[in-house]
Amino acid sequence: MARERLDVSAIGEMIELVAKNGAISFAAGEPSADMLPTGLLSAAFEGVFEDASLLGYYSSHLGHSGLRGWICDWMRLDGLAPDWVKPENIMITCGSQEGISLAGEALIDPGSYVLVESPTYMEALLSFRKQGATCIGVPIDEGGIVVEALDGVLKRYKARFLYTIPNFQNPSGNTATAERRKEVLGVLRKYDVPLIEDDPYHYLSYDGEPPATYLKLAGDDGRVAYLGSFSKIVAPGVRCGWMAVPDSLMPQIESLRVNSCLGLPVFVQHGLLNMLASIDMPGYIAKLRSAYRVRRDGMLGALGAHLGGAGLSHNRPAGGFFIWGRLEGIGDVMDFARFAVAREKIGIIPGSVFFAPGEEDLSSIRFSFAKVDATSAEEGSARLAKAISAYLSR
Ligand SMILES: Cc1ncc(COP(=O)(O)O)c(C=O)c1O
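Criteria and thresholds
- Residues numbered from 1 in each chain as written.
- Predicted model: local features only at pLDDT ≥ 70, side-chain atom pairs only at ≥ 80, totals over all residues.
- Heavy atoms only, no water.
- Salt bridge = Lys/Arg side-chain N within 4 Å of Asp/Glu carboxyl O.
- Helix = DSSP H or I, 4+ residues; strand = E, 2+ residues; numbered from the N terminus.
- Buried < 20%, exposed > 50% of the residue type's maximum accessible area, 1.4 Å probe, protein only.
- Phe/Tyr/Trp six-rings, centres within 6.5 Å; stacked < 30°, edge-to-face > 60°.
- Lys NZ or Arg CZ within 6 Å of the ring centre and 35° of its normal.
- Near = heavy atom within 4 Å.
- Polar contact = N/O pair within 3.5 Å; in protein donor to acceptor, adjacent residues only side chain to side chain.
- Areas by Shrake-Rupley, 256 points an atom, 1.4 Å probe, with all protein chains shown as cover.
- Nonpolar A, V, L, I, M, F, W, Y, C, P; charged D, E, K, R; others polar.
- Pairing = 2+ DSSP bridges.
- Contact = heavy atoms within 4.5 Å.
- Axes fitted to C-alpha atoms, helices over the stretch in contact; angles between N-to-C directions.
- Domains from an automatic or database assignment.
- Buried area = accessible area lost by both parts, 1.4 Å probe.

(A) The arrangement of the pattern of salt bridges in detail. Counted according to the given criterion, the structure contains 20 salt bridges. Between K190 and D151 there is a salt bridge; the shortest N-O distance is 2.7 Å. Taken as a pair, K190 in helix 9 (residues 178–191) and D151 in helix 8 (residues 147–156) lie far apart in primary sequence, 39 residues in all. A salt bridge links R316 to D297, with the nearest nitrogen and oxygen atoms 3.9 Å apart. You can see R316 sitting in the loop between strand 10 (312–314) and strand 11 (322–327) and its partner D297 sitting in helix 13 (residues 281–307), a full 19 residues away along the chain. Judged by its relative accessible area of 35%, D297 is partly exposed. Residues joined by salt bridges that share partners form a network here, namely R189, D192, D221 and R223.

What follows is the structure, given as structure tokens:
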């Protein structure tokens, strides 16, 4: 099973090539190093070990109760969660990635069908495949999942669940409109299909708040499991996220936790809680938003200035880390990406890696602006333009 189903991430190859070539990277989907709250975290972790009860015994399988309570209050305060979400419905995870994996393990049998957005987050495809699922892509546009297409796919396939990233999607940058979310829920109710809502970019909105979550919109119907993460707003290195899980699914998720590792390190969760409880959260988020907004606008400006005439079209995301584009006339962008990183030392991620097998769009391309300042955006876009003309005149 391991040999057949465990694929490595093609993004890893590009990240390695970027490092090997000393290239400017438009590839990495991580927060910028200068945005990591290292000072706050270091102060927050001081004193964590004074409480021996954190280290001396196995604590709740669900994770640190204080952090679960904080998350629950925070989601309620921000209107993300309906009333049924209590601390007992929150499971701390090793990032949103583990939430994807746990949800998949709980709901997939070998041969099951899982619906994903087309394109979608590549590591979710790998994770569902590991469980033996066949992923079926549902087209998305600037407003989210195309509802008629979802209905058509559900007519043909009895799917275990739909996996969606509704806000500032990775890789497309698209956000589902409020209207579309309601329509999608309507279709899921019609076919009685659950939904996994992966929302790690929720707080990184640059042009106003995102629409209500699926979790909130679904109310009491127990159809939605929500995945959150501290990776993009605190640091991916803390490996801390959470799931908000309906009562009907929680026993299975908890059993999977016990069967895999009993529980995650609570002293990390305690340190993180110390940090979260010590800051003005809205002010902290507002700073992240304004810093990343500048980076988004810098990258959009640079791409427009250098690549507008080179066959690139792209969108304007309202948040998150990613701009999605298409490069006409290049053929397979994967081949071009390998050429560009070696020849002009600019790293990009070919969009084809974000599609279910057999559904790839070979002309698509993902740009990440999170770690790219204005100078690198200019220089990187100029290099990309040079790489395109060199590639076309080979
Ligand atoms: C859509 C999506 N889900 C999950 C993850 C994994 O994040 P985490 O660090 O919380 O595991 C990422 C990271 O890039 C992502 O883009």
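(B) Seen up close, the packing of aromatic side chains. Going through the model one piece at a time under the given rule, you end up with 20 aromatic pairs. For the pair F321 and F322, a centre-to-centre distance of 6.2 Å together with 75 degrees between the ring planes defines the contact as edge-to-face. These aromatic residues form a ring-pair network of at least three members: W70, W74, Y203, F230 and W242. Between the NZ or CZ atom of R181 and the centre of the ring of Y214, over which it lies, the distance is 5.9 Å. Against the face of Y391 rests R394, its NZ or CZ located 3.8 Å from the ring centre.

(C) How the structure looks around the site of the ligand. With respect to spatial proximity, 13 residues lie near the ligand, and among them S96, D198, Y201, S229 and S231 are the closest. Measuring from an oxygen atom of the ligand, one finds a side-chain N or O atom of Y201 at 2.6 Å. Contact distances for the ligand include 2.8 Å between an oxygen atom and a side-chain N or O atom of R239. Protein chains bury 92% of the 400 Å² of accessible surface belonging to the ligand in isolation. If you tally residues by element for the shell around the ligand, the top one is helix 6 (residues 95–107), at three residues. By residue class, the composition of the shell around the ligand is four nonpolar, six polar and three charged.

(D) Highlighting unusual backbone geometry. The amide bond that connects S118 to the next residue, P119, takes the cis arrangement and shows omega of 15 degrees. That bond from N170 to P171 is cis: its omega, 20 degrees, falls within 30 degrees of zero. Considering the arrangement of structural elements, one finds P171 in the loop between strand 6 (159–164) and helix 9. The backbone of D192 sits at a positive phi, close to 55 degrees, despite the residue not being glycine. For D192, the location among the structural elements is in the loop between helix 9 and strand 7 (195–198). D192 sits in the exposed class, given a relative accessible area of 53%. Residues other than glycine seldom take positive phi values, yet K345 does so here, at roughly 60 degrees. Tracing the chain through its elements places K345 in the loop between helix 14 (333–343) and strand 12 (346–347).

(E) Focus on the sheet that holds strand 9 (residues 241–244). A sheet is described by the order of its strands in space; here eight strands give the open sequence 2-9-8-7-6-3-4-5, paired in mixed fashion. Edge strands, defined here as strands with exactly one partner in the open sheet, are strand 2 (90–93) and strand 5 (144–145). Where strand 3 (residues 113–118) meets strand 6, three bridges bridge the pair, whose relative direction is parallel. If you follow V116 over to strand 6, its bridge partner there is Y163. Contacting strand 3, strand 4 (134–141), strand 5 and strand 6, helix 8 crosses the sheet at an angle of about 160 degrees to strand 4.

(F) Local environment of the domain arrangement of the protein. Per the domain assignment, the segments making up the protein are domain 1 (2–30 + 283–392) and domain 2 (52–278). With centres defined by C-alpha atoms, the gap from domain 1 to domain 2 works out at 26 Å. Taken together, the contacts link 32 residues of domain 1 with 34 residues of domain 2. When the two sides are added together, the surface that domain 1 and domain 2 hide from each other amounts to roughly 2900 Å², 56% of it contributed by carbon and sulfur. Of all residues in domain 1, R5, R289 and F354 bury the most surface against domain 2, accounting for 22% of the area lost on that side. Counting across the interface, domain 1 meets domain 2 through 17 residue pairs in polar contact (both at pLDDT 80 or more). Broken down by element, the residue count for the side of domain 1 that touches domain 2 peaks at seven residues, all from helix 13. Per-class residue counts for the side of domain 1 that touches domain 2 are 18 nonpolar, five polar and nine charged.

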